[in-house]
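# Breakdown of the fold
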Amino acid sequence: MKKSLSTLILIAVFIALIIGCSKLGVPIGTVENNVPEETATNSPVDEEEPAEENPVEEEPLAEEPETELPPDVGPYLDIQINEAPSQEEKYDKEITAEIDLDGDGSIDQIMLKTEKNPYYDEVLSYVLLVNDEEITYEGSMIDPLFHVVNISSKDSYLEIAVSEEGPSSDFLTVFYRYKNGELTKLAEIQGFLGKYPGSDTVGDVKLDGNGRISTRTRGEVIQTWFYDDSYLLTEEDELLKEEKDFYPFETEVKLLKELKTVTSPDNTTEAYVFKPGESATLLETDNKEWVS
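Rules and cut-offs
- Residues numbered from 1 in each chain as written.
- Predicted model: local features only at pLDDT ≥ 70, side-chain atom pairs only at ≥ 80, totals over all residues.
- Heavy atoms only, no water.
- Phe/Tyr/Trp six-rings, centres within 6.5 Å; stacked < 30°, edge-to-face > 60°.
- Buried < 20%, exposed > 50% of the residue type's maximum accessible area, 1.4 Å probe, protein only.
- Core = buried A, V, L, I, M, F, W, Y, C linked by side-chain atoms within 4.5 Å.
- Helix = DSSP H or I, 4+ residues; strand = E, 2+ residues; numbered from the N terminus.
- Contact = heavy atoms within 4.5 Å.
- 1 Å grid on protein atoms, 1.4 Å probe; cavity = no way out; pocket = protein on both sides within 12 Å on 5 of 7 lines; lining within 4 Å.
- Points joined across faces, edges and corners; volume = space filled by probe spheres on them.
- pLDDT = per-residue confidence, 0-100.
- Polar contact = N/O pair within 3.5 Å; in protein donor to acceptor, adjacent residues only side chain to side chain.
- Pairing = 2+ DSSP bridges.

Taken as a whole and judged by the stated rule, the model has 8 aromatic pairs. Measuring from ring centre to ring centre gives 4.8 Å for F192 and Y196, while their planes differ by 40°; the resulting arrangement is tilted. Of the two residues, F192 and Y196, both sit in the buried class. Taking 4.8 Å as the distance between ring centres and 80° as the angle between the ring planes, the aromatic pair formed by Y272 and F274 counts as edge-to-face. In this structure F274 comes out as buried when scored by relative accessible area, which is 18%. Taken together, the ring pairs in this structure connect W225, Y227, Y247 and F249 into an aromatic cluster.

Counting residues in hydrophobic clusters, the biggest one holds 24 residues, and the most contacted among them are L101, Y126, F146 and Y176. Elements with a contribution of two residues or more to this core: β2 (91-99), β3 (108-115), β4 (123-130), β5 (133-142), β7 (159-164) and β8 (172-179). Not counting residues within four places of it along the chain, the set of residues in contact with Y126 comprises L112, K113, T114, E115, I135, T136, Y137, I142, V162, V174 and Y176. Ranked by size, the runner-up nonpolar core spans 14 residues in total, among them I151, A187, I213 and L239.

Moving on to unusual backbone geometry. Although it is not a glycine, N131 adopts a positive phi angle of roughly 55°. Counting through the fold element by element, N131 comes out in the loop between β4 and β5.

Here we take up the layout of surface pockets. As a volume, the largest pocket reaches approximately 550 Å³. L259, T261, L282, V291 and S292 are the residues nearest the centre of the largest pocket, which is lined by 21 residues in total. Mapped by element, the contributors of at least two residues to the lining of the largest pocket are β15 (259-264) and β17 (279-285). Broken down by element, the lining of the largest pocket gets its largest block of residues, 6 residues, from β15.

Let's shift gears to the environment of G166. As for its placement among the helices and strands, G166 is situated in the loop between β7 and β8. Separated by 42 residues in the primary sequence, G166 and L124 have C-alpha atoms spaced 9.6 Å apart.

A few words on the confidence of the model for the chain. On average, residues of the chain score 81 in pLDDT, and 75% of them are at 70 or above. When the criterion is pLDDT under 50, residues 21-48 qualifies, and its contacts beyond four places in sequence or with other chains add up to 2 contacts. Predicted confidence is poor over residues 60-74, with pLDDT under 50, and the contacts of this stretch with residues over four places away or in other chains come to 4 contacts.

What follows covers the side chain of N287. Within the secondary structure layout, N287 lies in the segment after β17. Owing to a relative accessible area of 11%, N287 belongs among the buried residues under this scheme. Here E220 takes part through its backbone nitrogen, which lies 2.7 Å from a polar atom of the side chain of N287. Reaching out from N287, the side chain makes a polar contact with the side chain of Y227 at a distance of 3.4 Å.

Pairing in this open sheet of 4 strands is antiparallel, and the strands run β10-β11-β12-β13 from one edge to the other. Every interior strand has two partners, whereas the edge strands, β10 (206-207) and β13 (239-241), have only one. By the bridge criterion, 2 bridges tie β10 to strand β11 (residues 212-218) in an arrangement that is antiparallel. What sits directly across from L207, in β11, is I213.

Next comes the structure, spelled out in structure tokens:
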């Protein structure tokens, strides 16, 4: 009896030890896993890139230094022009500016002095000075202003231009150049450069920046008319007119008397004879003596 009781007590102790070392429901010899089981989904899993063993810190980008913009080298230069009353009794205004005209790296002093007109307000004459060099000019209804332009980007020079309206809308522009310490007049051409005084209307003189100047020129034959004209700056510092054999005329006329015509300027064979009252169109002219 005592042996059976001892056996039962030993079995009870053994069972208690087993229960203390494991939980009920977990088979002996298995390891409990407390990590929840992952449920498969359709979402992609981002794989982490392995970290570099010795990461190199990127240096911040250095700020680019501010660069000074080059001066305007187009046909029309936008420079500061100052105007003030003249201290000389003979003159009315002094218009001044500073810029390198001859490309030698030194600033040149420009001054336009308009002479007083005792009768009217219009400017009839001026003195243009560059450093110690000067040129005088007389005209009619002169615009008391000058422009600094770049006729040709192929050379290192800038030019000065002064325009006038003329006595009867006879617009004219004078171009000057400062070279080797000497101020000279390049040319006078018909047409106005820039805006007319007191207006937003721009004149006919245009520069392409490659040595060519275009304008509108008044014709010389039969009537008042204008044609497209152009000048080219040569290596000899001359603005030469680009002559054409004929210029478009396109003028309708009615004959007042009989007029005999010839075949061409080079062929004097008689062609058509117009009768009084007939109409004709003058197609073109050499602006001298021939009309087609």
